[in-house]
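# Summary of the model geometry
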Amino acid sequence: MNSVTKTSGANPSAAHLRVVSDRAAGTPGIALSGVSKTYRTRDGEVPSLRPLDFHINTGEFFVVVGPSGCGKSTLLAILGLLDSPTSGTYTLNGHSVANLNLKDRARIRNREIGFIFQAFNLIGDLTVYENVELPLTYRGEAAADRKKAAMEALEKVGMSHRTKHYPSQLSGGQQQRVAVARALAGKPSVLLADEPTGNLDSINGEAVMSLLQELHRGGATICMVTHDQRYASCAQRSIHMLDGRIANVKIGAAATTHA
Ligand SMILES: Nc1ncnc2c1ncn2[C@@H]1O[C@H](COP(=O)(O)OP(=O)(O)OP(=O)(O)O)[C@@H](O)[C@H]1O
Ligand SMILES: [Mg+2]
């Protein structure tokens, strides 16, 4: 599929948007159709994502930008099967996954998806090593394989000397590096990264970006949320979100369409 059509269903005034994707990219590993998310709270409904249609090709480096509260983390949570959409369909590697039960979602997540969270989400009473090893344990990998993969990932992020420390004993940037190691250790086919450089100084930020690019060169699909224009330029395509909608799409460096 070489094109995706975005229809801003929740906003009748918005123009229909046709986006021609990078011809070099191949099959859509991720395809969303009419995906929306509304949170129900005591104070009423909070629309977080308006119906979205787009795809991310297998092996594509895709970036999501936009102001605080526009729905970036919500979108990543849905892509990472941590949350279900209120409506719409989500196809991951050819399988419909929008409405799977918790167990099946967890199984696919463990096998396919690495997640770097905006707020690290390290487990406070596990050590650095145990945090990185945990997803591999869920996958049922043998102890020796877990150790090799976890130590390799910790070495890559420069944290192999802190394996026995707990997250509370690390700086924010170090915790982020451990979170990156945890995501990389399972060699995911899809990596979802929510502001992976947001808490890092420029040297560590560059180091994390190099790791993501290395994973990408190895064939992984990357979807990264970032506020940092320097890193957004790594993308083959990027979307700019506004109020839960796609407001603008860029292919490479050039903006192509506006809604
Ligand atoms: N669990 C929740 N319950 C109710 N509303 C929520 C919940 N999670 C997110 N929201 C709302 O959904 C909207 C989108 O939130 P989201 O976290 O996706 O934004 P974001 O683009 O990631 O912002 P930031 O750049 O600050 O991280 C916001 O209005 C937020 O208040
Ligand atoms: Mg967010």
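Please refer to the structure higher up on the page.
Values in this document were obtained by computation on a predicted structure and should not be read as measured data. (Residues numbered from 1 in each chain as written. Chains lettered and ligands numbered in written order. Predicted model: local features only at pLDDT ≥ 70, side-chain atom pairs only at ≥ 80, totals over all residues.)

### Observations concerning the overall build of the protein
Worth spelling out the cut-off: Secondary structure elements are defined from DSSP: runs of H or I of at least 4 residues count as helices, runs of E of at least 2 residues count as strands, and each element is numbered from the N terminus. Residues with at least 20 neighbouring C-beta atoms inside 10 Å of their own are called buried, those with 12 or fewer are called exposed, and the rest are partly exposed, where every C-beta is derived from the backbone.
Across its full length, the protein holds seven helices and 13 strands. Expressed as a percentage of its 259 residues, the buried residues of the protein come to 46%.

### Some remarks on the sheet that holds strand S6 (residues 87–92)
The criterion, for reference: In this analysis, strands are considered paired if DSSP registers two or more bridges between them. With C-beta atoms placed from the backbone, a contact is any residue pair whose C-beta atoms sit within 7 Å. Structural elements are reduced to axes, namely lines fitted to C-alpha atoms, with helices fitted over the stretch in contact, and the angle between N-to-C directions of any two is expressed from 0 to 180 degrees.
Spatially, four strands are ordered S4-S3-S6-S7 in an open sheet, and the strand pairing comes out antiparallel. Every other strand in the sheet has two partners, leaving strand S4 (44–57) and strand S7 (95–96) as the edge strands with one partner each. Of the strand pairs in this sheet, strand S3 (residues 28–41) and S4 are connected by 10 bridges, and their pairing is antiparallel. Paired with Leu32 across the strands is Phe54, a residue of S4. The sheet contacts of helix H1 (residues 72–79) involve S3, S4 and S6, and relative to S3 the element is tilted by about 120 degrees.

### Overview of the site of ligand 1
As a reminder, the rule being used: Using a C-beta atom placed from the backbone for every residue, we mark a residue as near a molecule or strand if that atom lies within 6 Å of it.
Around ligand 1 there are 13 residues in total, and Tyr39, Ser48, Ser68, Ser73 and Thr74 lie nearest to it. If you list the elements that add at least two residues to the shell around ligand 1, you get S3, S4 and H1.

### Section: the pairing of S6
Looking at chain direction, S3 and S6 are connected through five bridges and run antiparallel. Paired with Ser33 across the two strands is Thr89, which belongs to S6. Sheet analysis places S6 next to S7, joined by two bridges and oriented antiparallel. Residue pairing in the sheet places Thr91 in a bridge with Ser96 of S7.

### Quick notes on the environment of Asn110
Mapped onto the elements of the fold, Asn110 is located in helix H2 (residues 102–112). Sequence-distant contacts of Asn110, defined by excluding residues within four places in its chain, comprise Pro135, Tyr138 and Arg139.

### A look at the environment of Ser84
By the element assignment, Ser84 lies in the loop between H1 and S6. Along the primary structure Ser84 and Val35 are separated by 49 residues, whereas in three dimensions their C-alpha atoms are 9.4 Å apart.

### Quick notes on the nonpolar core
Selection rule: Joined through C-beta atoms within 7 Å, a set of buried Ala, Val, Leu, Ile, Met, Phe, Trp, Tyr and Cys residues constitutes a nonpolar core.
Counting residues in hydrophobic clusters, the biggest one holds 67 residues, and the most contacted among them are Ala181 and Ile222. The dominant element in this core, judged by the number of residues it contributes, is helix H5 (residues 172–185), at seven residues. Discounting residues that sit within four places of it in the chain, Ala181 has contacts with Val132, Ala153, Leu154, Lys156, Val157 and Met159.

### So, the environment of Met151
As for its position among the elements, Met151 is in helix H4 (residues 143–156). We classify Met151 as partly exposed; it has 17 C-beta atoms within 10 Å. C-alpha of Met151 to C-alpha of Glu133: the two residues are 18 residues apart in sequence and 8.9 Å apart in space.

### Some points on the pairing of S4
The element S4 is largely enclosed, with a buried count of 10 among its 14 residues. Remark: two residues form the turn of the hairpin made by S3 and S4, two consecutive strands paired antiparallel.

### Describing unusual backbone geometry
The backbone phi angle of Asn93 is positive, close to 50 degrees, even though this residue is not glycine. Here Asn93 is to be found in the loop between S6 and S7. The class for Asn93 is partly exposed, based on 16 C-beta atoms found within 10 Å. Positive phi, normally seen in glycine, also occurs at Lys187, with a value near 45 degrees. Considering the arrangement of structural elements, one finds Lys187 in the loop between H5 and strand S9 (190–194).

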